[in-house]
Amino acid sequence: MRTHISRRGFIAVGTAALAMPAFIRDARAQEKYVCKIAHTEGVGTPITNAFDAWAKVLNEKSGGRIDAQHFPAAQLGGLAEALEGSRIGTIQVTTAGPDSEEAIAPEIAAFGGAPGFIYKNEAHVDAVLQGELGQKCSDIARAKTGVEFVAYGETGFRHILSKRPVGNLADLAGLKIRVPQLRIWVDFWSLLGAAPTPLPYSEQYSALSTGIIDAIDSDVFSIVGFKFHEQASNLTLTGHWFLPKAVRVNAAWLDSLPEDLRDLVRTSAKEAFAEQRTVNRANAAKTLEDLKGLGVTVQQLPAEELAKMEAQTAKLFDEFGSKSPETAAMIKAIQALG
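A short tour of the structure in this document, coming up. (Residues numbered from 1 in each chain as written. Predicted model: local features only at pLDDT ≥ 70, side-chain atom pairs only at ≥ 80, totals over all residues. Heavy atoms only, no water.)

## Some points on the side chain of E101
Inference 1: Considering the arrangement of structural elements, one finds E101 in the loop between strand 3 (93-96) and helix 4 (106-109).
Inference 2: Setting aside its immediate chain neighbours within four residues, E101 contacts R87, P106, I108, T145 and R248. (Helix = DSSP H or I, 4+ residues; strand = E, 2+ residues; numbered from the N terminus. Contact = heavy atoms within 4.5 Å.)

Encoded structure:
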């Protein structure tokens, strides 16, 4: 009798043991992973629209296992907060230019257009970011900052929006232009004779309205989205800076996902932001026309003046490259694809 009970007990325990891994697997499959997407891009811009679309894909194609929540327009804080949050994992996803890594990883800051005129055209941008160099940039970011660049969006080439017209290089003399809080951009505008004024991105509108600055540089979509044209109505097309927007995912959070969800995050991000780049480029000309309709005077800086701008700032490539041999090599690699 004891033997019979013991055998039945063994069978019962064995059955439970066999069932347990399946239960654990099922529980893990149904576990929810919160994905907070927070950034400073304006509502209605191509970048924000792409994040809206991507969040929807993550929620639907994960079967609800990923809970993607989108907070655009600095709802959870400014760029510094978003970057820090993405590194420590309180925010799972944000976006910023690779130039924001200048202090930590200067070799990838060059991908963010620093110094100016590093990208020649959109084909050059694609050759760099959608190829081996773009993957190398992500690998370095992951190793040094704990953030993986799963895709690259863009806001396009940046131009000068000013209160007074800028028709040539001489017009830049003394122009109080807002710059990011990065040394490279102070040096860039100083070499051109302007008066660079470092300010957070979120302060540009008020700084224009109060006269703290006379000008900003911006992509056309942000001028409309943030209504900068209400405070400065002269747009000079220079294309001096192209800012890619890395889609930055906290690596520890990404690694915590089941394999199928990791694949979903990476592949769907690439798809969503390939579409974003297409839309961005297609709509740039239309947005310029919209700005004209809003009272903005648009002019192209003459080719000879652009050449002077590029020549006067060219030495910054050597100065920026002096941060490390890896930085110098990366600049040369980017330039070689142009």
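Now that the structure has been shown, the text picks up again.
## Points about the packing of helix 6 (residues 132-145) against helix 14 (residues 325-336)
Inference 1: Where helix 6 contacts helix 14, the two axes come as close as 11 Å, and the packing angle between them is 155°. Classified by the angle their axes make, helix 6 and helix 14 are roughly antiparallel. Judged by the sense of rotation from one axis to the other, the crossing of helix 6 with helix 14 is left-handed. Residues L133, K136 and I140 of helix 6 form the contact with helix 14, whose participating residues are M330, A333 and I334.
Inference 2: Tallied by class, residues from the contact of helix 6 with helix 14 come to 5 nonpolar, no polar and 1 charged. (Axes fitted to C-alpha atoms, helices over the stretch in contact; angles between N-to-C directions. Parallel < 35°, antiparallel > 145°, perpendicular 65-115°, else oblique. Left-handed = near helix turned anticlockwise from the far one by under 90°. Nonpolar A, V, L, I, M, F, W, Y, C, P; charged D, E, K, R; others polar.)

## Looking at the nonpolar core
Most often, soluble globular proteins have nonpolar side chains that are buried together.
Inference 1: Formed by 49 residues in total, the largest nonpolar core has its most connected members in F111, Y119, W185, W189 and I334.
Inference 2: If we skip the residues at most four places from it in the chain, W189 touches I160, L172, I177, V179, A194, P196, D217, H240 and M309.
Inference 3: Counting 25 residues, the second largest nonpolar core, distinct from the first, contains Y33, I47, A68 and W253. (Core = buried A, V, L, I, M, F, W, Y, C linked by side-chain atoms within 4.5 Å. Buried < 20%, exposed > 50% of the residue type's maximum accessible area, 1.4 Å probe, protein only.)

## Looking at helix 6
Inference 1: Between its first and last C-alpha atoms helix 6 spans 20 Å; for 14 residues at 1.5 Å apiece the expected length is 20 Å, and the two agree.
Inference 2: Turning to helix 6, its buried residues number three or more, namely L133, G134, C137, S138, I140, A141 and T145. Angular distribution of buried residues about the axis of helix 6 spans 165°; they occupy a single face of the element. Exposed residues pointing more than 90 degrees away from the buried face of helix 6 are listed as E132 and A143. (Expected span 1.5 Å × (residues − 1). Arc of directions from axis to C-beta.)

## Brief notes about the packing of aromatic side chains
Inference 1: The tally for this structure, following the rule as stated, stands at 13 aromatic pairs.
Inference 2: Ring plane angle 75° and centroid distance 6.2 Å describe the contact between W54 and F273, whose orientation is recorded as edge-to-face. Residue W54 is located in helix 2 (residues 46-61), and its partner F273 is located in helix 11 (residues 259-293); the two are separated by 219 residues in the primary sequence. Each member of the pair, W54 as well as F273, is classed as buried.
Inference 3: Above the ring of W241, the side-chain terminus of R158 is found at 4.5 Å from the ring centroid. (Phe/Tyr/Trp six-rings, centres within 6.5 Å; stacked < 30°, edge-to-face > 60°. Lys NZ or Arg CZ within 6 Å of the ring centre and 35° of its normal.)

## So, unusual backbone geometry
Inference 1: Put simply, A114 and P115 share a cis peptide bond, and its omega is -5°.
Inference 2: Counting through the fold element by element, P115 comes out in the loop between helix 4 and helix 5 (122-129).
Inference 3: Unusually for a residue other than glycine, F117 sits at a positive phi of about 70°.
Inference 4: Tracing the backbone shows F117 in the loop between helix 4 and helix 5.
Inference 5: For K227, which is not glycine, the phi torsion reads 60° and is therefore positive.
Inference 6: Locating K227 in the fold gives a position in the loop between helix 9 (220-225) and strand 8 (234-250).
Inference 7: Exposure remark for K227: the relative accessible area of 44% places this residue in the partly exposed category.

## Some points on the packing of helix 2 against helix 11
Inference 1: In contact at an axis separation of 9 Å, helix 2 and helix 11 are set at 150° when each is read in the N-to-C sense. The angle between helix 2 and helix 11 falls in the class roughly antiparallel. Considering how the two elements wind past one another, helix 2 and helix 11 form a crossing that is right-handed. Mapping the contact onto sequence places P46, I47, A50, F51, W54, V57, L58 and K61 in helix 2 and L264, V265, S268, A269, A272, F273, Q276 and N280 in helix 11.

## Thoughts on the pattern of salt bridges
Inference 1: Under the defined criterion, the tally for this structure stands at 17 salt bridges.
Inference 2: Of the charged contacts in the structure, one is a salt bridge between R142 and E148, with a shortest N-O distance of 2.8 Å.
Inference 3: R142 sits in the partly exposed class, given a relative accessible area of 27%.
Inference 4: With relative accessibility at 10%, the residue E148 sits in the buried group.
Inference 5: Between R183 and D187 there is a salt bridge, with the nearest N and O atoms lying 3.1 Å from each other. (Salt bridge = Lys/Arg side-chain N within 4 Å of Asp/Glu carboxyl O.)

## A short note on the pairing of strand 2 (residues 66-71)
Inference 1: The two faces of strand 2 differ: I66, A68 and H70 on one face are buried, but D67, Q69 and F71 on the other face are not.
Inference 2: For strand 1 (residues 33-38) and strand 2, the ladder comprises 6 bridges, and the chain directions are parallel. Residue pairing across strands places A38 opposite F71, the latter belonging to strand 2. (Pairing = 2+ DSSP bridges.)

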